[in-house]
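Given next are the chains, with one letter for each unit.
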Amino acid sequence: MRVQTKIKHDLQVGQTFGMVLQSLDGPVNVAATVAWIRKVGWGKHQLGVMFVNPDPALRRAICELARSV
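The model shown is predicted, which means the values in this text are computed figures rather than measured ones.

S.K.: What is the right way to look at the sheet that holds strand β4 (residues 44-51) in this model?
M.R.: Neighbouring strands of a sheet are bound in pairs by backbone hydrogen bonds; such pairs are parallel or else antiparallel. Reading across the sheet, the 4 strands line up as β1-β4-β3-β2 and stay open at both edges, with antiparallel pairing between neighbours. Here the strands that pair on one side only, and so sit at the sheet edges, are β1 (2-5) and β2 (16-23). Direction aside, the axes of adjacent strands within the sheet are offset by 50° on average. Pairing of β2 with strand β3 (residues 26-41), which is carried by 8 bridges, proceeds in the antiparallel orientation. Bridge pairing in β3 links F17 to A32. Across the sheet, helix α1 (residues 56-68) lies against β2, β3 and β4, angled at about 55° from β2, the strand it touches most.

S.K.: Help me understand the nonpolar core in this model?
M.R.: Soluble globular proteins tend to bury their nonpolar side chains together. Membership of the largest hydrophobic core is limited to 11 residues, which are L11, F17, M19, L21, V30, A32, V34, L47, V49, F51 and L58. Listing elements by their share of this core, those giving two or more residues are β2, β3 and β4. Setting aside anything within four residues of it in sequence, one finds V34 in contact with L11, Q12, V13, G14, Q15, F17 and G48.

S.K.: Any chance you could explain the packing of aromatic side chains here in plain terms?
M.R.: In this description, an aromatic ring pair is defined by two values, namely the gap between the centres and the angle between the planes. Within this structure, the stated rule accounts for 0 aromatic pairs. Residue placement shows R38 over the ring face of W36; its charged tip is 4.0 Å from the ring centre.

What counts and how
- Residues numbered from 1 in each chain as written.
- Predicted model: local features only at pLDDT ≥ 70, side-chain atom pairs only at ≥ 80, totals over all residues.
- Heavy atoms only, no water.
- Pairing = 2+ DSSP bridges.
- Helix = DSSP H or I, 4+ residues; strand = E, 2+ residues; numbered from the N terminus.
- Axes fitted to C-alpha atoms, helices over the stretch in contact; angles between N-to-C directions.
- Contact = heavy atoms within 4.5 Å.
- Core = buried A, V, L, I, M, F, W, Y, C linked by side-chain atoms within 4.5 Å.
- Buried < 20%, exposed > 50% of the residue type's maximum accessible area, 1.4 Å probe, protein only.
- Phe/Tyr/Trp six-rings, centres within 6.5 Å; stacked < 30°, edge-to-face > 60°.
- Lys NZ or Arg CZ within 6 Å of the ring centre and 35° of its normal.

Below you can see the structure in the form of structure tokens.
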């Protein structure tokens, strides 16, 4: 998943961290690993993240969220 942020972070490629994904059914806590980082503008960064061991419920939530966008 690609995430854009205006918040300064200290994440590094390969680092695993916890995040809250706002799914259609409410917030879901997930573990993700940083795949890549790009600076995309003044104070803006994008992160490519991979979910760590997503269970079937998380997979469903991600698919539903992606379809809604």
